[in-house]
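# Descriptive analysis of the structure
Each chain, written out:
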Amino acid sequence: MNPTAPLSPEDFQLLFESAPGLYLVLTTDFEIVGASDAYLRATKTQREMVVGRGLFEVFPDNPADQAATGVGNLRASLERVRKQLQPDTMPVQKYDIRRPEEEGGGFEERHWSPTNSPVLDANGKLRFLLHRVEDVTDFVRLKDHETAQSRQNADLQTRAGRLEFELFQRAQELHEANKQLRAFHAELEARVESRTQELARAGEALRKSEEHLRQAQKLEAIGRLAGGIAHDFNNLLSVVLSYSDVLLEELGRDASIRGDLLEIKNAGLRAAELTRQLLAFSRQQVFEAKLIDVNELVHGMSKMFGRLLGEDLECRLSLASGLGSVRADPGQVEQVLMNLVVNARDAMPNGGKLLIETANVRLDEAYASERAEVRPGDYVLIAISDTGLGMDRATQARCFEPFFTTKERGKGTGLGLSTVFGIVKQSGGHVAVYSEPNHGTTFKVYLPIVEGELRPLAKQALPVALGRGTETILLVEDESAVRAVAAAILKRAGYRVLDVGTPTNGLTLCELYPEEIHLLLTDVVMPEMNGRELAARVRQRRANCKVLFMSGYTDNVILQHAVLEPGAAFLQKPLTPEALSKKVREVLDGP
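The following paragraphs examine the structure supplied in this document. (Residues numbered from 1 in each chain as written. Predicted model: local features only at pLDDT ≥ 70, side-chain atom pairs only at ≥ 80, totals over all residues. Heavy atoms only, no water.)

## A look at the packing of helix H15 (residues 480-492) against helix H19 (residues 577-589)
- Close contact between H15 and H19 brings their axes to 10 Å; oriented N to C, the two are set at 65 degrees. The two elements H15 and H19 cross, and the hand of that crossing is right-handed. Touching Ala486, Ile489 and Leu490 of H15 are Pro577, Leu580, Ser581 and Val584, all from H19. (Axes fitted to C-alpha atoms, helices over the stretch in contact; angles between N-to-C directions. Helix = DSSP H or I, 4+ residues; strand = E, 2+ residues; numbered from the N terminus. Left-handed = near helix turned anticlockwise from the far one by under 90°. Contact = heavy atoms within 4.5 Å.)

## Brief notes about the packing of aromatic side chains
- What the rule picks out here adds up to 4 aromatic pairs.
- Look at Phe30 and Phe56: their rings are 6.4 Å apart centre to centre, the planes differ by 85 degrees, and that puts the pair in the edge-to-face class. Pair noted here: Phe30 is in the loop between strand E1 (22-26) and strand E2 (32-35) and Phe56 is in helix H4 (residues 55-58), with a separation of 26 residues, a long-range link.
- Here Phe56 falls in the buried class, since its relative accessible area comes to 13%.
- Ring geometry for Tyr379 and Tyr446: centres 6.3 Å apart, planes at 85 degrees, overall edge-to-face. Separated by 67 residues along the polypeptide, Tyr379 in strand E13 (residues 377-386) and Tyr446 in strand E15 (residues 441-450) bring together distant segments of the chain.
- Taking relative accessible area as the criterion, Tyr379 reaches 5% and is therefore assigned buried. (Phe/Tyr/Trp six-rings, centres within 6.5 Å; stacked < 30°, edge-to-face > 60°. Buried < 20%, exposed > 50% of the residue type's maximum accessible area, 1.4 Å probe, protein only.)

## Some thoughts on the pattern of salt bridges
- Applying the stated rule across the entire model yields 22 salt bridges.
- In this structure, Arg110 engages Glu108 in a salt bridge whose closest nitrogen and oxygen atoms are separated by 3.1 Å.
- Given a relative accessible area of 17%, Glu108 falls into the buried group.
- Among the ionic pairs, Arg132 bridges to Glu134, the shortest N-O distance being 1.8 Å. Assigned by exposure class, Arg132 and Glu134 land together as buried.
- Each member of the salt-bridge network shares a partner with another, and the members are Lys44, Arg99, Glu103, Glu108, Arg110 and Asp135. (Salt bridge = Lys/Arg side-chain N within 4 Å of Asp/Glu carboxyl O.)

## A closer look at a nonpolar patch on the surface
- Residues Leu7, Phe12 and Leu15 make up a contiguous nonpolar surface patch of about 310 Å² in total accessible area.
- Tracing the chain through its elements places Leu15 in helix H1 (residues 9-18). (Patch = residues over 30% accessible without salt bridge, like charges linked within 9 Å, V, L, I, M, F, W, Y side chains within 5 Å. Areas by Shrake-Rupley, 256 points an atom, 1.4 Å probe, with all protein chains shown as cover.)

## Regarding helix H10 (residues 294-309)
- Along its 16 residues, H10 runs 21 Å from first to last C-alpha, staying within 8% of the 22 Å computed at 1.5 Å per residue.
- A bend of about 45 degrees at Ser302 is the largest found in H10.
- The inward-facing, buried residues of H10 contact strand E9 (290-292), strand E10 (313-319), strand E11 (325-328), helix H11 (330-346), strand E12 (352-363) and E13.
- The N-capping residue of H10, defined by a side-chain oxygen 2.9 Å from the backbone nitrogen of Asn295, is Asp293.
- Phi for Gly310, located one or two positions after H10, is positive at around 85 degrees. (Expected span 1.5 Å × (residues − 1). Bend = angle between axes of the 7 residues up to and from the residue. Polar contact = N/O pair within 3.5 Å; in protein donor to acceptor, adjacent residues only side chain to side chain.)

## Comments concerning the sheet that holds strand E19 (residues 546-551)
- Across the sheet, 5 strands lie side by side as E17-E16-E18-E19-E20; this open sheet has parallel pairing. Two strands close off the open sheet at either side, each with one partner strand: strand E17 (496-500) and strand E20 (570-572). When strand polarity is set aside, the average angle formed by the axes of neighbouring strands in this sheet is 20 degrees.
- Where strand E18 (residues 519-523) and E19 come together, 5 bridges link them in parallel fashion. Counted as the bridge partner of Asp523 is Met550 from E19.
- Along the sheet face, H15 touches strand E16 (472-476), E17 and E18 and points at about 170 degrees away from the line of E17.
- Against the sheet, H19 contacts E16, E18, E19 and E20, and its axis sits at roughly 150 degrees relative to E19. (Pairing = 2+ DSSP bridges.)

The analysis is restricted to geometry; functional conclusions fall outside its scope.
What follows is the structure in structure tokens.
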């Protein structure tokens, strides 16, 4: 055999059928006249099964897939090539293939990346159509099932690199279908190297995002637990505080046990304050949002900051002009500032400097991409920086957890920063901490900028007089101890009380009671139905009945379903005789 002799037709056929790519040669009527071995393996067919038959006879759509478009899309592409005599690259197609009977029959889901090219004779007339595909099924499935785990990320990196190779090869064939593969491989290596570097950067970004997501999920889980505990504690504290007040009212001022009862009440009040802090962290407290000017609020608290810090600590304000407005609860924002200033003071036992800054900032896509809880947009920044002891990485990772503290036993509850976290989150914002041991700490609070007309912050309202009455009140509360103490308080105030433990019993009583019911006092979260549903059904029967909701917390589900819609009367647990009596009288006397 002469090694320099031209290749024979048999040689060309052998080369074509042995090529590593997936090829079909079609006549201008879409009849199959040639197929590479790789194509036959990929489609689980044999040459004698396909050659000489129509393309769509051999490869029809999956009859079980009513949405299948493989035949229609491929036919349209081939028609374009036949008409325009130009290559046509198709987007990735879902085109199922028949499974051989020995493998169970039926159809197997597959995804392909096709390119169709014309083969012209010396006179430029269309002779054949070359159908080239790449099997990208694994890549499509990988995209559908990829997770945030590092093992799958590594797998994605490998598969994406392999897909890049194939996609680049397909792009090259579009423009250089008749060129040698050697030039293609050289350029491909450079592209693969570049893609590998991009994937490495993407993998690092994904790792950081996963880290932030895990921390956010951890805090969210702790928040749900804290909210549930706080709700139960509020019910218990309602009983303790209410009966303490009742007993103190009945005892004379000189009673020997009066001091003991006062200690019990004071302990209950301290427990109630801790409960409110837990509710703030879990974002389940009552939220009275208003448009506020952060600079005005900081200025108003500056004298208080001076008294908190003492003479050995210097406090400086740097407040930006033209600051945007934010929608938040003014009292809660003041609590955020107070907690952060106290935290800074405790971090500077030997004196130091505190800087409080405000500014308009924009958190862009790059910043938000690494923090799943952050939305890109315009924010008001409140930054509180100290020159104190600072924190290491491990402490920073846990500083917002409830009850986590680095202070000595008995010198801190561990709820100050968790309260900050909960309030900022409930306000739609974001809080970040930057610190190095012995180099101080900066807490950055970001609150979303909103449009609207600012109004001066309202002064504290005068207390409402303790109310009494003779009206009839329907009390629905599933906690028996809370129901008993609430009923006792209202009866002592002169009201007629109809108390039941379930919404169903409440509706039955509403139907059967022959006289007027002036007020429905109901818990928000109960079995059978929530407070809003109960109130709606009571008002269907008694349109003039007023409603007062009460709860130990208002979780996200309640807020999303607008139980605490604007204007709805609400009483926060724990209950006390004074608070309950005043609120009931206020609702009954209202419009």
